Amino acid sequence: MSIWRDIKGTIEPFWITLRNMFRPVVTVEYPEVRTELAPRYRGRLILTRDPDGQERCVACYLCSAACPVDCISMQATEAEDGRRYAAWFRINFSRCIFCGLCTEACPTMAIQVTGFFEMANRNPLETVWEKEELLVDHCGQEPDYNFYHHAGIGVAAARGENPGEDKPVDVKDLMP
Amino acid sequence: MPEWMVILLLIVAKLGLIFMVLLTLAAYLVLAERKILGRIQLRPGPNRVGPFGLMQPLADVIKLLTKEDFIPTQADKWLFLLAPGLAAVTALLTFAVVPFGPPITLFGHEVPLVVCDLNIGVLFFLGLSSLAVYGMTLGGWASNSKYSLLGAIRGLSQLISYELSMGLALVPVVMLARSFSLTDIVMAQADVPFALVNPLAFLIFLISAVAESKRIPFDLPEAENELVGGFHTEYSGMRFGLFFVGEYINLIILGSMLTVFFLGGWMGPFLPGVVWFSIKVLFVCFFFIWVRGTLPRLRYDQLMHFGWKILLPLSLLNVILTGAFLLWRQG
Amino acid sequence: MPTLTIDNQTVIVAEGGSVLDAAIALGIVVPHYCYHPALGAVGACRQCAVTILEGSQKGLKMACLIPAEDDMQVSTCEEEAVAFRAQVGEWLMTNHPHDCPVCDEGGECQLQEMTIGAGHGIRRYRGNKRTYLNQDLGPFVAQEMNRCIQCYRCVRTYKDYCGGEDFGVMGSQQRVFFGRFKDGPLESDFSGNLIDFCPTGVFTDRTNRFRTRSWDLQQAPSICPHCSLGCSILPGGRYQELQRVRAGGNRLTNDSFICDRARFGSDWNNHPKRPREARISGEKVEFPYALELLEERLEKLVEEYGGETLRLLGSPRASFEANLLLKKLAEKYGAPAPYYDAHPRRAFAARMAASIPSGQLASLKQLRESDLILLVGVDPLAEAPVLALALRQAARAGARIVALDPRPLELPCDFEHHPLTQESLLRGLSAPEENELLESLRQQLETSQRPVLVGGGELLGGEGLRLLLHFSESCCGSHDCLIFPVLHGPNSFGGGILGATGDSNRNLIEDLENGNVRALICVETDPAIEHSEPGRMQLALSRLELLAVFDHLPTNTVATADIFLPTRTIYECAGTFINNEGRMQAFDPVLEPGIPIVVTGSGGHPPRQFETTPPGSAPRSAVHLLQWLLKDRNDLFGLRRQIIKELPCLRDLDRLAAGDNGRRIADCGDTLEESRTEIWAQEGELQVLPITARYGSDLYSRWSQSLTSRFEEPSVWIHPVEAAERGFVNGQKVVLRTVVGHFHLPLVFKAKMARGRLIVPCLPGTPLEVFTPGGLSLPCKIYSEVDNA
Ligand code: SF4
Ligand code: SF4
Ligand code: SF4
Ligand code: SF4
Ligand code: FES
């Protein structure tokens, strides 16, 4: 009968909550105690460099397109040698939800997550990070990849000199 | 020292004591509630201020006192300022009639452990609890905000509805004790507490009391997630604090009333009466907190439905049954 | 109209449509590269394979090449066709580089979409990739040849459609290369169309290099403001900067093509000196204050001296709505009807064009379909570039093109050129029966099926257009002989409609010089540039008591105005233009006005601070400012409804939507019968004719920094025979003396121009900017520099 079910449904939770009161708490007392982060923990983002020490980010706007909260903004520009890079690159960490979608979108392995998460701040403007602060001096989790060696448009090496490329063709050649 | 002066001093001391105890208790009840709720949810609760978070109430008071006292421009200023006081004062006044122990002898005087043993204590209590509605209603109305107004309207109709069954649940008690004085009611329970004599009345009163306290599962006037705090949305700082304290004093009052009406007041073996009384009141308070940690909020129509279609007929029935029982016993 | 079934869905396609057209109409994606609606199909890429189940040809076919037939059954998902398409997709991708992240096409790349659509996702080819060396193709178009898939669309666009001659396909086998014979800027005035038409990232916009992705752009359909044709464009902006312009698609006008002036000449919108704050006598003030002050001063002026002392000047670059409100403002203050072009001759030409019966006006589409086109006093590449494209399409279809013009015309097609001087042209038109050439042309016009007469308002003026109209009526009795007037600005025609009611013999400058005018309001125009005698105009302006200017360009008049109010550009507000054939076309705002982030951040990251400018302090549109003065609370739609009530010939105005094909006006009234006496110089005296230069002379390109590389060097042109008679050699420095001043210029020989005349292109930023095209030729003297000394 439904009335018994209702009464049971009202009484039973009391038992559950009562039991809970005597269970050990699960809270980790954060500043004193630190948990072990998972190896793929998604914390603060960094911009890494390629093995040659150049900025990896080519300012392709893919991460900003992937970001569900639109917290990445940038402006691409061109260097003397044709390299595309970010004139400025900004992440607003007070908006970032650390979902890591930007890192998945990144075709050059430039933007990567780290285990660093202590960014709380009283001044919201200080949680807006610019490229200078985001850029690190290492390759992060991807030690080998160098986008411009595979791009096939001759920035890191001359055209036709990268792995997997033939020398530029001579269009005026008539040989078969 | 003339005798009237002694009596006066005693009364003043009693008043001061009750006042102090009540306010401190209310403050720590807040802490207890947060701790208990924390434990129910496998958290430690507040534990940063002082050992075990014991200084938390103090920190809260300081915080509330130093916050900006904000009055909305469109508010009815006088009523807005008056309402929280009204809420706290009515709650405090009710305690005047609560007997919290058997009379004791001090300096050769028999001192009743009640501020004022009115022979119509029950009616006084019911009257004041109705007055308490004003604090909330005026607060909600004066804020001139849709949330507050909605909260106030909800609270008003809820309290009126449940007051009815609450009053009716007390009729059997009065019939059993044959007195309106709270002290007499306690005395009548010397052998068996009324909770056992008339469990139905106890249950109805208990439920109505929770409703009266505007706490979960009956916290529709506040309903944070739909009314953003209800009647006290627009209040801040110490004025909000007054509403808050009022609510917890009210909790203690209701606990005391339950104790007095149904749990045998200060009656109990071995321990002194005051201690028994305190234990019972505190247990009822704990029970209220426990309910809050356990049950979800009702829907508004469920609340009204339950009040008018179930509780009210039941309490009327109970009055008739009790009367019949008493007649049968006499006859 | 054949009805066929594709994947069990039935569709009707236009006569001559292909199976691919039918699939596109149904929204079924059949990957394709070499087919483009404007270019047609050639079957070069082999990507569009489908299976024909029922029809005159059966089996696996290229959808773009098979004409749709009645009762045809087509499937796009037969296994064989699916596998074929995936295979072709994979082949096309074998040499494609791995560079989408650094390619500007990424995000709007047909290759990206169609490769995935073809079912090829993961590369299996592990061999080496072919590479090319790129060419430097000048400031507008960047090349990255490695991305090419050999679909040949670029050649078909540049050479076949646009008639460019310096670009083509070279090499053989795996070495096919699309470019110029050697590095150098592309010469065609339509080179930018390569960017739209190449389905890959081989050709990208150099002026917008690496600046944005399509998904970040704010885009809205708009109308090109550079000339009177009103081509549909699709501008895109980001970070408060107008970044690029692409061609829109209006098959009745420009049909997916625009000229380079429109595509690369849009950065006037971001001009660093663009005035963005209201000013009173040069001091910056809040704009509501300036507006209130203007109202106050106008009211005081009208009260004291009467409305006749107030003049209003609209403009061919302001929207039709703004120009109309100006007329209402004149009514409100009791001022004479506004002028709509500071240049009296151009204004008359616009009024004359606007009075031509609308059934007699040709559209660019009709021009493309014509079989005989007579160009009278018009240089398409300078005055209306896309007209040249339409001429080429007509010529490709077999039309004859005859041009009568004193200038050394160049057109991307074969044509017959008769270099008559302006005066002999006008005289000829006034008495065609006495002119052999015109008489013979008249006979040809009579016998052709769909002739169109193109008249240049700049050279002919209103009088010439009237004569041309009479000429057309005399020779095309049996069938419609259409007229295609070419005017000055995007809304010249609209100004012509509004100005038709005014007294035609009024002249702004004489008005001002008479001395009883005390105040002038200029809306989005600079009379000192636009008027035929800039110096005289400047003097007249300086004598005004109150000069109020609403504008968005950093002109000199803006700087000297007593009250200046900034306005929004056409990329920042909505409105309507009426083009040279009376087509009303609406444009939508692309951007919010504001200082571009590249400026606020000076190239680096924008400053990290909270916004301090109060909302609403950005410039308002001219329409909004005028509505404020008129206390008119209509929104744009309401305003248009109101316009229709007053001008029933614009009855479709409220049904316009930006991006549609626009709607023709109905006849607004009788053809203007008034004529204006012009004194035409005699043959034999040396005259100089100021003309519109291809780049820099129109209303906006003088402020477009990316076009400056295309600005010509100032020079004076002469016919070689003429020069020989006077003993001049090509390139010689000469002194040209005219009423507007004397100039030291190099002499340039042009064999195809009229004799007895000198020609100077009007170029901004050079001494020649004091010339204004649109007038009659001026008497002049020419000396070699040595003689002069
Ligand atoms: S982690 Fe997620 S929210 Fe944060 S920047 Fe990347 S995509 Fe955006
Ligand atoms: S996706 Fe990677 S390469 Fe592209 S802009 Fe973001 S960080 Fe740079
Ligand atoms: S350059 Fe572009 S349009 Fe030309 S063939 Fe290659 S892919 Fe096609
Ligand atoms: S032809 Fe005229 S309207 Fe068309 S795109 Fe060129 S400048 Fe603009
Ligand atoms: S689109 Fe049909 S073969 Fe290229």
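Residues numbered from 1 in each chain as written. Chains lettered and ligands numbered in written order. Predicted model: local features only at pLDDT ≥ 70, side-chain atom pairs only at ≥ 80, totals over all residues. Heavy atoms only, no water.

Colleague: Please explain the overall build of chain C as it appears in this structure.
Modeller: Each helix and strand counted, chain C has 25 helices and 35 strands in total. Its C-alpha radius of gyration of 28 Å places chain C within 12% of the 28 Å reference for a compact globule of 789 residues. For chain C, the spread of C-alpha atoms along the principal axes amounts to about 85 × 70 × 55 Å. When the 789 residues of chain C are sorted by exposure, 62% land in the buried category. For chain C, long-range pairs separated by at least 24 residues make up 72% of all intrachain contacts whose partners lie at least 6 apart in sequence. Accessible surface, chain C: about 29,300 Å² in total, of which carbon and sulfur atoms supply 50%. In chain C, the 80 positive side-chain charges and the 99 negative ones have mean positions that sit 4 Å from each other. (Helix = DSSP H or I, 4+ residues; strand = E, 2+ residues; numbered from the N terminus. Rg over C-alpha atoms; globule rule 2.2 N^0.38 Å. Buried < 20%, exposed > 50% of the residue type's maximum accessible area, 1.4 Å probe, protein only. Contact = heavy atoms within 4.5 Å. Areas by Shrake-Rupley, 256 points an atom, 1.4 Å probe, with all protein chains shown as cover. Lys, Arg positive; Asp, Glu negative; His and termini not counted. Charge placed at Lys NZ, Arg CZ, Asp CG, Glu CD.)

Colleague: How do you make sense of the interface of chain A and chain B when you look at a structure like this?
Modeller: A common way to report how large an interface is uses the accessible area buried once the components associate. Taken together, the contact between chain A and chain B spans 16 residues of the former and 15 residues of the latter. Carbon and sulfur atoms supply 66% of the area that chain A and chain B bury against each other, a total of about 1,400 Å² over both sides. Taken together, chain A and chain B are joined by 2 salt bridges. For Glu32(A), the salt bridge is made with Arg48(B), and the minimal N-O distance between the two is 3.1 Å. Residue classes in the side of chain A that touches chain B are distributed as 9 nonpolar, 4 polar and 3 charged. (Buried area = accessible area lost by both parts, 1.4 Å probe. Salt bridge = Lys/Arg side-chain N within 4 Å of Asp/Glu carboxyl O. Nonpolar A, V, L, I, M, F, W, Y, C, P; charged D, E, K, R; others polar.)

Colleague: Looking at this structure, I do not really get helix H12 (residues 300–330) of chain B. What am I missing?
Modeller: Counting along an α-helix, one turn takes 3.6 residues, and residues three or four places apart therefore face a common direction. Residue and element names in this part refer to chain B. The end-to-end C-alpha separation of H12 is 43 Å, in line with the 45 Å expected for 31 residues at 1.5 Å each. Of all the positions in H12, only Leu303, Met304, Gly307, Leu311, Leu312, Ser315, Asn318, Val319, Thr322, Gly323 and Leu326 are classed as buried. For H12, the secondary structure elements touched by its buried residues are helix H5 (146–177) and helix H8 (199–212). (Expected span 1.5 Å × (residues − 1).)

Colleague: Teacher, can you tell me more about the interface of chain A and chain C here?
Modeller: With 47 residues of chain A at the interface, the matching set in chain C holds 43 residues. Between chain A and chain C, a total of about 3,500 Å² is buried, with carbon and sulfur atoms accounting for 56% of that surface. Viewed at the interface, chain C and chain A are joined by 4 salt bridges. When the shortest N-O distance is used, the salt bridge between Arg209(C) and Glu78(A) registers 3.0 Å. Contributions of two or more residues to the side of chain A that touches chain C are made by helix H2 (62–66), strand E2 (72–78), strand E3 (84–92), strand E5 (128–130), helix H4 (131–134), helix H5 (147–151) and strand E6 (165–168) of chain A.

Colleague: I keep staring at a negative patch on the surface and nothing clicks. Help me out?
Modeller: All names here are of chain C. On the surface, Glu292, Glu296, Glu299, Glu303 and Glu304 cluster together into a patch of negative charge. Examined against the element boundaries, Glu296 turns out to sit in helix H7 (residues 287–305). For Glu296, a relative accessible area of 53% corresponds to the exposed category. (Patch = residues over 30% accessible without salt bridge, like charges linked within 9 Å, V, L, I, M, F, W, Y side chains within 5 Å.)

Colleague: Please explain the sheet that holds E2(A) as it appears in this structure.
Modeller: The strands that make up a sheet are held in pairs by hydrogen bonds between backbone atoms, and each pair lies either parallel or antiparallel. All names here are of chain A. Taking strand neighbours across the sheet as the criterion, the 3 strands line up as E2-E3-E5 in an open arrangement whose pairing is antiparallel. If you trace the sheet from one side to the other, it starts and ends with E2 and E5, each paired once. Between one strand and the next, the sheet's axes are offset by a mean angle of 15°, whatever the strand orientation. Both E2 and E3 contribute to a ladder of 7 bridges, which runs antiparallel. By the bridge assignment for E3, Met74 is matched with Phe89. (Pairing = 2+ DSSP bridges. Axes fitted to C-alpha atoms, helices over the stretch in contact; angles between N-to-C directions.)

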